[in-house]
Amino acid sequence: MVLFIHASRAALVVFDPYLASRPLAEALVRAPKGQLIINGPYYAFSSVLFYSGRKALLWNGRMDNLEYGSYAPGSAPVFIDDRQFQSLWNSGERYFVLSDGEHKSHLQSSMDSSKLFLVMESGGKTLYSNLPVSQ
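Throughout what follows, the structure given in this document is the object of discussion. (Residues numbered from 1 in each chain as written. Predicted model: local features only at pLDDT ≥ 70, side-chain atom pairs only at ≥ 80, totals over all residues. Heavy atoms only, no water.)

**Comments concerning the sheet that holds strand 3 (residues 79-80)**
Reasoning step 1: Reading across the sheet, the six strands line up as 3-2-1-4-6-5 and stay open at both edges, with mixed pairing between neighbours. The open sheet has two free edges, formed respectively by strand 3 and strand 5 (117-122), since each of these has just one partner strand.
Reasoning step 2: The sheet contact formed by strand 5 and strand 6 (residues 125-129) spans five bridges and is antiparallel. Paired with Glu 121 across the bridge in strand 6 is Thr 126.
Reasoning step 3: Along the sheet, helix 5 (residues 82-89) makes contact with strand 1 (35-39), strand 2 (56-59), strand 3, strand 4 (95-100) and strand 6, crossing strand 4 at roughly 135 degrees.
Reasoning step 4: Here helix 6 (residues 101-110) sits on the sheet in contact with strand 1, strand 2, strand 4, strand 5 and strand 6, set at roughly 135 degrees to strand 4. (Pairing = 2+ DSSP bridges. Helix = DSSP H or I, 4+ residues; strand = E, 2+ residues; numbered from the N terminus. Contact = heavy atoms within 4.5 Å. Axes fitted to C-alpha atoms, helices over the stretch in contact; angles between N-to-C directions.)

Okay, here's the thing in structure tokens:
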């Protein structure tokens, strides 16, 4: 049993960057103020919202359990599509976007690479800004 506990603890240390998003949240907290956008499903980055205390817009995130309530009258206007994302990203105000490996190619194909400034990458997840960030 002691051997199993030690092995599971060692595995958690190795896989922590892939399972947790805390380093991304800490980078977001240290970064200048700006609106956060999640690229894809909310669940992949819910811990970033928890650790950073920020709210986010969901870019193409109207899926799974969130889809049902998103169409209800009076629901929060947090869901944005490609057109709205492009408009916000090019507005001149600071925005951050969180993306995982599955949705990163969509982000890169939707944007001019000169408008994507890498803030941090951890465990296959990335945090970009539309304006340069000095860390």
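Let's pick the thread back up.
**Some points on the packing of aromatic side chains**
Reasoning step 1: Overall, the coordinates contain four aromatic pairs when judged by the stated rule.
Reasoning step 2: Aromatic side chains Tyr 42 and Tyr 43 sit 5.7 Å apart centroid to centroid with 70 degrees between the ring planes, which places their arrangement in the edge-to-face category.
Reasoning step 3: You can call Tyr 42 partly exposed: its relative accessible area is 28%.
Reasoning step 4: Considering the side-chain rings of Trp 59 and Phe 85, the 3.7 Å spacing of their centres and the 5 degrees angle between planes classify their relative orientation as stacked. A residue pair is termed long-range when its members are at least 10 positions apart, and Trp 59 in strand 2 and Phe 85 in helix 5 qualify at 26 residues. The same class applies to Trp 59 as to Phe 85, namely buried.
Reasoning step 5: Members of the aromatic cluster, joined through ring pairs, are Trp 59, Phe 85 and Trp 89. (Phe/Tyr/Trp six-rings, centres within 6.5 Å; stacked < 30°, edge-to-face > 60°. Buried < 20%, exposed > 50% of the residue type's maximum accessible area, 1.4 Å probe, protein only.)

**Some remarks on the nonpolar core**
Reasoning step 1: Membership of the largest hydrophobic core comes to 18 residues, with the highest contact counts inside it found for Leu 36, Ile 38, Val 48, Phe 96, Leu 98 and Leu 127.
Reasoning step 2: Elements with a contribution of two residues or more to this core: helix 2 (22-30), strand 1, helix 3 (46-52), strand 2 and strand 4.
Reasoning step 3: Broken down by element, this core gets its largest block of residues, four residues, from helix 2.
Reasoning step 4: The next biggest cluster of nonpolar side chains, apart from the first, holds twelve residues, and it includes Leu 57, Tyr 95, Val 97 and Tyr 128. (Core = buried A, V, L, I, M, F, W, Y, C linked by side-chain atoms within 4.5 Å.)

**Topic: the pairing of strand 2**
Each regular strand displays side chains that alternate between the two surfaces of the sheet.
Reasoning step 1: Neither face of strand 2 is open: one carries Ala 56 and Leu 58, the other Leu 57 and Trp 59, and all of them are buried.
Reasoning step 2: Here strand 1 runs beside strand 2; their pairing, made up of four bridges, is parallel. Directly across from Ile 38, in strand 2, lies its bridge partner Leu 58.
Reasoning step 3: In terms of handedness, the path from strand 1 via helix 3 over to strand 2 forms a crossover that is right-handed.
Reasoning step 4: Two elements, strand 2 and strand 3, share two bridges in a ladder whose sense is parallel. (Right-handed = clockwise from strand over helix to strand, strands pointing away.)

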